[in-house]
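The primary structure of each chain is shown beneath.
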Amino acid sequence: MKTSVRKQIGVIGAGTCSSETRALAEAVGKEIAKRGAVLLCGGLGGVMEAAACGAKLEGGITLGILPGALREEANPWIDIAILSGMGHARNALISQSSDALIAISGEYGTLSEIALGLKMGKPVVLLESGWKIEGTESAKSPREAVELAFRLIEEGNKEK
């Protein structure tokens, strides 16, 4: 008997962020939880913490792939903490484990996750990003970002 596996949506962005970016990330987290998907992130602060908070406020499940070896480093909204001990190299695990990635603002670590996700054939949606990256899609709101991520996952599944 085949079981239904929940979608895992990666939310990526900087470890520190403005209150405006924090609000966007929290709204993305809420939208992911409303759709019954697991929110996957790097497990630390900033965009990761805000998105995880939003997901938890909607009763969602959160998974953080941490850079270090201490579970205590996870933000308080993480349900499941994976200790990678890999530093920034954990970005490859985040990208590989996500069915789609939503990048909110971000810095070079976010850029590496975007590049890895694209290389791995994952849908990547940008929200409030100054980057113009071939192969990504842009969204104007948290709801649109999540809707687009789910649509791109389904389109990709139809092609397989």
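The structure contained in this document is the topic of the report that follows. (Residues numbered from 1 in each chain as written. Predicted model: local features only at pLDDT ≥ 70, side-chain atom pairs only at ≥ 80, totals over all residues. Heavy atoms only, no water.)

A separate point is the environment of K119. Looking at the secondary structure, you find K119 in helix α4 (residues 108-119). Through-space distance from the C-alpha of K119 to that of G135 is 9.8 Å; in sequence the pair is 16 residues apart. (Helix = DSSP H or I, 4+ residues; strand = E, 2+ residues; numbered from the N terminus.)

This part takes up the side chain of S98. By the element assignment, S98 lies in the loop between α3 (90-97) and β5 (100-104). When its relative accessible area of 1% is taken as the criterion, S98 is described as buried. Among all residues touching S98, those that are not within four sequence positions of it are Q8, I9, G10, L40 and K122. (Buried < 20%, exposed > 50% of the residue type's maximum accessible area, 1.4 Å probe, protein only. Contact = heavy atoms within 4.5 Å.)

Taken in spatial order, the 7 strands make up an open sheet running β4-β3-β2-β1-β5-β6-β7, and their pairing is parallel. The open sheet terminates on both sides in strands that have one partner only, identified here as β4 (80-83) and β7 (137-139). Direction aside, the axes of adjacent strands within the sheet are offset by 25° on average. Two elements, strand β3 (residues 61-66) and β4, share 4 bridges in a ladder whose sense is parallel. Residue L66 lies in a different strand from β4, and its bridge partner there is L83. Contacting β1 (8-12), β2 (38-41), β5 and β6 (124-127), helix α1 (residues 19-34) runs over the sheet at an angle of about 160° to β5. (Pairing = 2+ DSSP bridges. Axes fitted to C-alpha atoms, helices over the stretch in contact; angles between N-to-C directions.)

Keep in mind these numbers describe shape, not what the thing actually does.
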